Amino acid sequence: MARKLFVLVLIMCSTTALITCTNGGAGDGGEGLHMKLTHVDAKGNYTAEELVRRAVAAGKQRLAFLDAAMAGGGDGGGVGAPVRWATLQYVAEYLIGDPPQRAEALIDTGSDLVWTQCSTCLRKVCARQALPYYNSSASSTFAPVPCAARICAANDDIIHFCDLAAGCSVIAGYGAGVVAGTLGTEAFAFQSGTAELAFGCVTFTRIVQGALHGASGLIGLGRGRLSLVSQTGATKFSYCLTPYFHNNGATGHLFVGASASLGGHGDVMTTQFVKGPKGSPFYYLPLIGLTVGETRLPIPATVFDLREVAPGLFSGGVIIDSGSPFTSLVHDAYDALASELAARLNGSLVAPPPDADDGALCVARRDVGRVVPAVVFHFRGGADMAVPAESYWAPVDKAAACMAIASAGPYRRQSVIGNYQQQNMRVLYDLANGDFSFQPADCSAL
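For every chain, the first residue of the written sequence is number 1, and numbering continues from 1 onward in sequence order. For this predicted model, a pLDDT threshold of at least 70 governs which residues receive local features, and a threshold of 80 or more governs which side-chain atom pairs are given and counted, while totals over whole chains, interfaces and linings are taken from all residues. Just so you know, side-chain values use all the structure's heavy atoms and leave hydrogens and water out.

**Points about the pattern of salt bridges**
Basically, it comes down to this: Any carboxyl oxygen of Asp or Glu within 4 Å of a side-chain nitrogen of Lys or Arg constitutes a salt bridge here. Strands are runs of DSSP state E lasting at least 2 residues, helices are runs of H or I lasting at least 4, and numbering of each runs from the N terminus. Under the scheme applied here, a residue whose accessible area is under 20% of the maximum for its type counts as buried, over 50% as exposed, and between as partly exposed, the area being computed with a 1.4 Å probe on protein chains only.
Here the structure, examined in full by the defined rule, presents two salt bridges. When the shortest N-O distance is used, the salt bridge between Glu-340 and Arg-344 registers 2.9 Å. Of this pair, Glu-340 and Arg-344 both sit in helix α3 (residues 331–344), four residues apart, which is roughly one turn of the helix. Relative accessible area serves as the criterion here: at 39%, Arg-344 is assigned to the partly exposed category.

Given below as structure tokens:
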């Protein structure tokens, strides 16, 4: 899971497969889901510099998860979604069961399992949360999933086995630890509409302290069969993220199902997803090059390729991730970008603050819009993503702003396009056609 923290308020519901809904459905014949995205850090009265420091720490947590995923046999083989810091998350409030019990879940486009901590949690092994634990025995709509049911083995990256009562037990691994429990079905009620979902009733949580930030669990929106997207039969989703700073309290938006679309006045660019490793929840893009200003950088397109280096073991590739705060590029691409910017900004560069990474490129905050050029990410098929200065430079103290694109390091071969770069951009994941589309937008005005 990961990213600047946004709060999602779920507005609509959906239907199909494992889902039964009222008031429309996320399956593309219904109205779909609509979730409002509000940056949680806005409640903390943080300065712009503090927001950036929190996001940097969150980004390091996210990269640690991606490294663990690679070690598991590809970017997803054997490792589930990360549990990210609060600054990375989306949180949805909802009701579960009958009579209804309040719950909150982190929302993640890079994971599949829906789960919540339950009242049967073993003593001192579940994470603290703001609301009472869900009590399945108090709900008339809860039903355990039998071990023999096909849905028990629906996701390859989630360990499943039969418990003593012939129920389906599951274990999910995360960058910050593991959770375990039993799979069941339950009625979920959102702000409008209800849905019956297969979910994990978690009784053991061993994760980094504070990683859930008081939430009850997680709702995955990834590619697997247990995700909310798959369970609702949705074939597309879209979002528009408001700026980290200067959003005037406006909310962003996430749409799942028929209501997911692009619009407005910006040019729409479209490229096709790259087929990822089997079982991976991530979305891979065919990045082929970068341009700074008018200069195309001398980067071989092959440095961005996703390769199978051994049966079932993958390396490289480029992930579009709403869960990572900042973009990171493979070492060769980062070096070319940093070298070109350093040459262009030579007279405007200032010393980075003491706690900045070695070699950080920084300019005076007041000069960012004047001297820093746009960067264009070129994707196969002619789709060009123009990233303005304010979407890849960030304030680090009261005087300086530094480039918010990092090197993946000398050994990691994977690049990640983070959510800071996706500010004020409407994006559409068209899963039916395998397309990723985007356009510039004023997300605060939607």
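Don't stop here, the text continues.
**Here's the deal with the sheet that holds strand β16 (residues 295–296)**
Using the following cut-off: Should DSSP find at least two bridges between two strands, the strands are taken to pair.
Here we have four strands laid out as an open sheet, ordered β16-β15-β22-β23, and antiparallel in their pairing. One side of each edge strand has no neighbouring strand; the edge strands of this open sheet are β16 and β23 (383–387). Pairing between strand β22 (residues 375–379) and β23: five bridges, direction antiparallel. Paired with Phe-377 across the two strands is Met-385, which belongs to β23.

**Digging into the side chain of Gln-414**
Mapping Gln-414 onto the fold places it in the loop between β26 (405–407) and β27 (415–417). A relative accessible area of 1% places Gln-414 in the buried class.

**As for the state of the cysteines**
The line we're drawing: We call a pair of cysteine sulfur atoms a disulfide whenever their separation is within 2.5 Å.
Across all of its chains, the model carries six disulfides by this definition. Across a sulfur-sulfur distance of 2.0 Å, Cys-121 and Cys-126 are joined as a disulfide pair. The chirality of the disulfide connecting Cys-121 with Cys-126 is left-handed, given an S-S dihedral of about -80°. Here Cys-121 matches Cys-126 in class, with each residue buried. There is a disulfide in this structure between Cys-362 and Cys-402, and the S-S distance comes to 1.9 Å. The sign of the 90° torsion about the S-S bond sets the Cys-362-Cys-402 disulfide as right-handed. In this pair, Cys-362 sits in strand β21 (residues 362–364) while Cys-402 sits in strand β25 (residues 400–403), placing the two residues 40 residues apart along the sequence. Here the disulfide map of the protein chain reads 1-8, 2-3, 4-6, 5-7, 9-12, 10-11, the bonded cysteines being numbered as they appear in the sequence.

**Side note on unusual backbone geometry**
Backbone phi values are negative for most residues with the exception of glycine, while trans is the configuration of most peptide bonds. Following Asp-98, the chain continues to Pro-99 via a peptide bond in cis, the omega torsion being 0°. Along the chain, Pro-99 turns up in the loop between β3 (90–96) and β4 (101–108). Here the phi dihedral of Ala-166 falls at roughly 65°; this positive angle occurs in a residue that is not glycine. On the basis of relative accessible area, Ala-166 is assigned to the partly exposed category, the value being 48%. Although it is not a glycine, Asn-424 sits at a positive phi angle of roughly 50°. One can find Asn-424 in the loop between β27 and β28 (425–430).

**Quick word on the packing of aromatic side chains**
Quick note on the threshold: Two rings belonging to Phe, Tyr or Trp (six-membered ring only in the last case) form a pair when the distance between their centres is within 6.5 Å. Interplanar angles under 30 degrees mark stacking, angles over 60 mark edge-to-face geometry, and anything in between is tilted.
Under the counting rule described, the total for this entry stands at 16 aromatic pairs. Arranged with centres 6.2 Å apart and planes meeting at 80°, the rings of Phe-142 and Phe-199 form a pair that is edge-to-face. Here the residue Phe-142 occupies a position in the loop between β5 (115–117) and β6 (143–144), and Phe-199 occupies one in strand β10 (residues 194–207), the gap between them amounting to 57 residues. A residue is classified by how much of its surface remains accessible, and Phe-199, at 0% relative accessible area, is buried. Seen in terms of ring centroids, Phe-237 and Tyr-283 are 5.9 Å apart; in terms of plane orientation they differ by 65°. Their pairing is edge-to-face. A residue pair is termed long-range when its members are at least 10 positions apart, and Phe-237 in strand β12 (residues 236–240) and Tyr-283 in the loop between β14 (269–272) and β15 (287–292) qualify at 46 residues.

**Considering the environment of Ala-165**
Checked against the element boundaries, Ala-165 lands in the loop between β7 (159–162) and β8 (168–174). Looking at Ala-165, the relative accessible area reads 71%, which means it is exposed. Residues Ala-165 and Pro-146, spaced 19 residues apart in sequence, show a C-alpha to C-alpha distance of 8.8 Å.

**Focus on the environment of Arg-225**
In plain terms, the rule: Two residues form a contact once any of their heavy atoms are found within 4.5 Å.
Locating Arg-225 in the fold gives a position in the loop between β11 (217–220) and α2 (228–231). Judged by its relative accessible area of 51%, Arg-225 is exposed. Taking the C-alpha atoms as reference, Arg-225 lies 5.9 Å from Ala-154; in sequence the two are 71 residues apart. With residues near it in sequence (within four places) discarded, Arg-225 still touches Ala-153, Ala-154, Asn-155, Ser-230 and Gln-231.

**Considering the environment of Ala-258**
One can find Ala-258 in the loop between β13 (252–256) and β14. A residue is classified by how much of its surface remains accessible, and Ala-258, at 28% relative accessible area, is partly exposed.

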